[in-house]
Amino acid sequence: LVSRELYPIDTRVKIGNFAVGGEAFTVIAGPCAVESQQQLDGIADYLTQHKVAAIRGGAYKPRTSPYSFQGLGEEGLKILKATSERSGLPTVSEIVDANDAELMAQYVDCLQIGARNMQNFRLLEAVGKLQTPVLLKRGMSATIEELLLAAEYIVNAGNPNVILCERGIRTYETATRNTLDLNAVAYLKQKTHLPVLVDPSHGTGVRDLVIPLSRAAAAVGADGIIVETHTNPAQALSDGHQNLDPQQFDDLMSSMKPFVEAAGRSL
Ligand code: PEP
Ligand code: MN
């Protein structure tokens with residue numbers, strides 16, 4: 001169902017009024033985790049000055065360490081909804097439990113499946129029963145074929161609104177958090193009609209590498225990026241080291257523009 005050979009027409013996935021996979025380059029931005037109403041509203045305030053498709057932020061944050069901040073849970077979903085109503089920005093947030101699918105769909109506009117859950121097949125089937133858009137992140141050790149088959153689970157269960165996301169894979173390299181696999185983006189654009197986003201924040205884990213890799217993502221033909229940003233990255237409760245501050249977010253948007261336009265899209 002996700003094959004371009006069988007279904008050649010590009011899928012467009014609507015998040016709010018924005019068509020991911022259309023002519024406009026998609027930028028989804030926001031903090032790693034929802035921390036407070038004030039934090040998320042502050043970030044939305046500068047995002048709305050740009051052509052941003054949606055605001056991201058995790059409410060459920062199972063972390064590598066059980067001692068790290070685990071997210072605000074349903075309270076975080078309420079904050080997302082309030083920020084969305086105030087700013088007009090649609091929301092993207094990660095789902096970690098199949099039992100949360102209906103609840104989360106009431107609060108957010110797009111459900112993110114995290115890298116660690118790419119092959120959580122019950123979770124894939126649960127979001128497949130909804131029509132809410134799904135942002136499916138590639139597992140850190142998953143092949144491209146496995147990513148496509150994970151997407152196939154969701155579409156086969158009845159939800160065609162799937163967006164793929166390359167977020168970096170594990171390699172022998174340790175200088176960066178992950179190795180952003182831009183091969184995968186070019187390859188996926190040929191093999192599937194589903195939109196493909198790039199996450200340069202988790203893909204590099206290094207704030208100063210986010211802008212160059214975002215430009216590369218645009219140039220290689222990605223449909224957009226999902227990027228982490230925070231009013232005060234040093235104070236972020238998670239992933240601060242890879243968050244852009246408001247000025248850097250501004251720089252990101254202006255420096256990506258020529259690359260987006262060279263790829264035949266608008267920003
Ligand atoms: C995230 O987007 O904050 C996240 C946890 O990403 P990933 O699942 O790609 O690690
Ligand atoms: Mn993160």
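Residues numbered from 1 in each chain as written. Chains lettered and ligands numbered in written order. Predicted model: local features only at pLDDT ≥ 70, side-chain atom pairs only at ≥ 80, totals over all residues.

Per an unreviewed UniProt entry, the recorded name for the chain is 3-deoxy-7-phosphoheptulonate synthase, and the organism is Ferrimonas aestuarii.

Participant: I'd like a description of unusual backbone geometry, backed by residues and values.
Facilitator: Positive phi is not limited to glycine here, since aspartate 239 has a value of about 55°. Inspection of the secondary structure puts aspartate 239 in the loop between β10 (224-228) and α9 (246-262). Aspartate 239 gets classed as buried once you count the C-beta atoms within 10 Å, which come to 21. (Helix = DSSP H or I, 4+ residues; strand = E, 2+ residues; numbered from the N terminus. Buried ≥ 20, exposed ≤ 12 C-beta atoms within 10 Å, placed from the backbone.)

Participant: Requested: an account of the sheet that holds β10, with residues and values cited.
Facilitator: Strand order in this closed barrel of eight strands is β3-β4-β5-β6-β7-β8-β9-β10, and the pairing throughout is parallel. Going from strand to strand, the sheet's axes swing by 25° on average, the running direction of each strand aside. Pairing analysis gives two bridges linking strand β3 (residues 26-30) to strand β4 (residues 54-56), with the strands arranged parallel. Within the sheet, the bridge partner assigned to alanine 29 lies in β4 and is isoleucine 55. Sheet contacts for helix α5 (residues 144-156): β7 (134-137) and β8 (162-166); angle to β8, the most-contacted strand, approximately 160°. (Pairing = 2+ DSSP bridges. Axes fitted to C-alpha atoms, helices over the stretch in contact; angles between N-to-C directions. Contact = placed C-beta atoms within 7 Å.)

Participant: Run through helix α6 (residues 182-191), naming residues and quoting values.
Facilitator: Those residues of α6 not exposed but buried are Ala184, Val185 and Leu188. Each buried residue of α6 lies within a common arc of 100° when the element is viewed along its axis, so the set occupies one face. Seen from the open side of α6, the exposed residues pointing more than 90 degrees away from its buried face are Asn183 and Gln190. Among the structural elements, α5, β8, β9 (196-198) and α8 (207-220) are those in contact with the buried residues of α6. (Arc of directions from axis to C-beta.)

Participant: I'd like to hear about the pairing of β8, residue by residue, with values.
Facilitator: With five of five residues buried, β8 is to be regarded as a mostly interior element. The alternating pattern of β8 places Val162, Leu164 and Glu166 on one face and Ile163 and Cys165 on the opposite face, and all of these are buried. As paired elements, β7 and β8 share four bridges and run parallel to each other. Its bridge partner being in β8, leucine 136 is matched across the sheet by leucine 164. Once the chain exits β7 it traverses α5 before rejoining the sheet at β8, and the crossover so formed is right-handed. When β8 meets β9, the two strands line up parallel, connected through three bridges. (Right-handed = clockwise from strand over helix to strand, strands pointing away.)

Participant: Explain the site of ligand 1 to me, and be specific about the residues and the numbers.
Facilitator: Around ligand 1, the surrounding shell consists of Cys32, Gly58, Gly114, Ala115, Arg116, Lys137, Arg167 and His202. For the shell around ligand 1, the class distribution of residues is two nonpolar, three polar and three charged. (Near = placed C-beta within 6 Å. Nonpolar A, V, L, I, M, F, W, Y, C, P; charged D, E, K, R; others polar.)

Participant: Tell me what's going on with the packing of α6 against α8, and back it up with residues and numbers.
Facilitator: One can describe the packing of α6 onto α8 by two numbers: an axis separation of 10 Å at closest approach and a directional angle of 25°. Classified by the angle their axes make, α6 and α8 are roughly parallel. Between α6 and α8 lies a crossing whose hand is right-handed. On α8, the residues that touch Leu182, Val185 and Ala186 of α6 are Ala216, Ala217 and Val220. Looking at side-chain class alone, the contact of α6 with α8 contains six nonpolar, no polar and no charged residues. (Parallel < 35°, antiparallel > 145°, perpendicular 65-115°, else oblique. Left-handed = near helix turned anticlockwise from the far one by under 90°.)

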